[in-house]
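Here's the letter readout for the chains.
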Amino acid sequence: MKPSEESETEIPPPTVPVPVAMPAFRDWAGLSELPLSEVLRRLLPCVRSIHAFAAVCRPWRRLLRASAADLLRPGMPPLLLNPRSRCVTAFARHLLARPLAYRADLPAEGAILLSASRGHLLLILPRRGPSSQGEPRILIVDAFTGADRREIALPSPRFAYHYAALLPAHLLVFHSKHAFFSLPFPDPSPNPSSSGPRGWTKHSLPRSASFVAGVLEFRGRVLGLTDRAQLLEFRLCASPQGQIVRILPAAGLPDATTFDRWHFGPRLVAAGDRLLLLLFMLEPKSGSSFKFARGVNKVAVYELDMARMRWEEADNIGAYSLFVDYAGKSAAACTDVGSCGVQENRIYVAAPGCSWRSFPPGWEATPVDASSELFSRSAMERKPWTSNIWVYPQLFF
């Protein structure tokens, strides 16, 4: 071949890869659980981001609810509801950028707070009508916003209800030491086997039990606590004949006359795999204390040894922080949340006369300790609405 012919030979152009057409819409609902859980973990503790995550689609919302007990609540301190100023605040701005307006004016409605439970406030509404003969109702309000509310007629107008609690499938209301009522919830459809009105089922409590002051889910079990710090187990099922409440004998606690039973009361709290009990110990009896309430002079924490069924006093709860309030009759625990403005190994108490104060386990009052005023006789005799309430969004349950 001649050189001139060689130069005239055409060289083919380089091959350009053809781009693969991407679908116009990707179904993010099918994303696997592992990367989704990592995304959710990185969104903590911002409440706004967590709600945005839940709003993407139902599969994401289901994963969030399934992760609530192990990831959300342990990794984020509760928020603080002030029912008088009607706002919700947080420890740090990256939890909640600004106070959230609370839509319900519960003190103005004359409602009586029974408890804060699973992201809701449970209240008794006053009877309607000029003769006050209307049937009593329980009001269930979103504890985070106050926007979502539901009223349910109580089983009887003759009882003085003192406590209520929500479980994943039941609403419980307590009116005496001997019995309580349950209702399927959130679907209060009548139970054909129920012996009570409007679908309520009546249950008996152990004869030796005192007034129930708290109900808690722990390791797949439903536990309760009385005002005398007796530990109970509730087994509620579809058949009333198979439902049972029993006392779990546990030793190691001081006598019930030595701790507060009605104001701060005993509080049961799940801290991971540990079951803790908070007792607010009273001042020793004196000549004048038989007529007037005694103040609290110590905040004690006990941990249950499951193998021996014995309570042991703990002076250190490690990386955990505990939260308890005067009005809501509940307690919460979170861990490793120093970035949220919370200290570990502390008990945060919301009580009348202050937003909150924190104490180490085993704190004891001294004559010059200003914190002792938090538990003074006058403070303990104030109405519950004068106290702030620790709350979580109902999305966290």
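Residues numbered from 1 in each chain as written. Predicted model: local features only at pLDDT ≥ 70, side-chain atom pairs only at ≥ 80, totals over all residues. Heavy atoms only, no water.

**Describing the packing of aromatic side chains**
Item 1. Within the structure shown, the criterion is met by 20 aromatic pairs.
Item 2. Relative to Y326, the ring of F264 lies with its centre 5.5 Å away and its plane at 70°, an arrangement referred to as edge-to-face. On the criterion of sequence distance, the pair formed by F264 in the loop between β15 (244-247) and β16 (267-271) and Y326 in the loop between β20 (320-325) and β21 (331-335) is long-range, its members being 62 residues apart.
Item 3. Residue F264 is classed as buried on the basis of its relative accessible area of 0%. (Phe/Tyr/Trp six-rings, centres within 6.5 Å; stacked < 30°, edge-to-face > 60°. Helix = DSSP H or I, 4+ residues; strand = E, 2+ residues; numbered from the N terminus. Buried < 20%, exposed > 50% of the residue type's maximum accessible area, 1.4 Å probe, protein only.)

**Here we look at the packing of helix α3 (residues 47-55) against helix α4 (residues 58-66)**
Item 1. The N-to-C vectors of α3 and α4 enclose an angle of 130°; their axes lie 6 Å apart at closest approach. Between α3 and α4, the angle is such that the two are oblique. Residues I50, F53, A54 and A55 of α3 lie in contact with α4, whose contacting residues are W60, R61, L63 and L64.
Item 2. Of the residues assigned to the contact of α3 with α4, the class counts are 7 nonpolar, no polar and 1 charged. (Axes fitted to C-alpha atoms, helices over the stretch in contact; angles between N-to-C directions. Parallel < 35°, antiparallel > 145°, perpendicular 65-115°, else oblique. Contact = heavy atoms within 4.5 Å. Nonpolar A, V, L, I, M, F, W, Y, C, P; charged D, E, K, R; others polar.)

**Some points on the confidence of the model for the protein chain**
Reading fine detail from the predicted coordinates is not recommended where pLDDT is low.
Item 1. Confidence along the protein chain averages 86 in pLDDT terms, with 82% of residues attaining 70 or more.
Item 2. Looking at the elements of the protein chain, mean pLDDT is at its lowest for helix α1 (residues 3-7), recorded as 50, and at its highest for strand β19 (residues 310-314), recorded as 98.
Item 3. The low-confidence segment residues 190-195 (pLDDT under 50) makes 11 contacts with residues lying over four places distant or belonging to another chain. (pLDDT = per-residue confidence, 0-100.)

**Describing the sheet that holds strand β23 (residues 357-359)**
Item 1. Pairing within the open sheet is mixed, and its 4 strands lie in the order β21-β20-β22-β23. Looking at the sheet topology across the chains shown, the edges are occupied by β21 and β23. The average angle at which neighbouring strand axes cross in this sheet is 25°, direction not considered.
Item 2. Here 5 bridges tie β20 to β21, and the two strands are oriented antiparallel to one another. Looking at β21, one finds that Y320 is bridged to T335. (Pairing = 2+ DSSP bridges.)

**Digging into the nonpolar core**
Item 1. Ranked by internal contacts, the top residues of the largest apolar core, which has 51 residues, are L106, L121, L123 and I389.
Item 2. Sorting elements by how many residues they give to this core places α3 first, with 4 residues.
Item 3. If we skip the residues at most four places from it in the chain, I389 touches L79, L80, L81, P83, L113, A116, L121, D325, A327 and G328. (Core = buried A, V, L, I, M, F, W, Y, C linked by side-chain atoms within 4.5 Å.)

**Describing helix α2 (residues 33-43)**
Item 1. Within α2 the residues assigned to the buried category are L36, S37 and L40. Buried residues in α2, looked at end-on, bunch into an arc of 100°, giving them a common side. More than 90 degrees from the buried face of α2, the exposed residues found are L34 and R42.
Item 2. Residues of α2 that are buried sit in contact with α3, α4 and α5 (68-72). (Arc of directions from axis to C-beta.)

**Observations regarding the side chain of R267**
Item 1. In this fold, R267 is placed in strand β16.
Item 2. Of the buried charged residues, R267 lacks a salt bridge, with D325 as the closest side chain of opposite charge at 5.4 Å.
Item 3. Of the polar contacts made by the side chain of R267, one reaches the backbone oxygen of F264; its length is 2.5 Å.
Item 4. When sequence neighbours within four positions are dropped, the list of residues in contact with R267 reads L225, L276, L277, L278, V324, D325, Y326, K329, S330 and A331. (Lys, Arg positive; Asp, Glu negative; His and termini not counted. Salt bridge = Lys/Arg side-chain N within 4 Å of Asp/Glu carboxyl O. Polar contact = N/O pair within 3.5 Å; in protein donor to acceptor, adjacent residues only side chain to side chain.)

**As for the sheet that holds strand β4 (residues 112-117)**
Item 1. Within the open sheet, the 4 strands sit side by side as β4-β5-β6-β7. Their pairing is antiparallel. The two strands at the open ends of the sheet, each matched to only one other strand, are β4 and β7 (149-153). Direction aside, neighbouring strands of the sheet carry axes that sit 20° apart on average.
Item 2. Where β4 and strand β5 (residues 120-125) come together, 5 bridges link them in antiparallel fashion. Counterpart to A116 in the pairing with β5 is L121.

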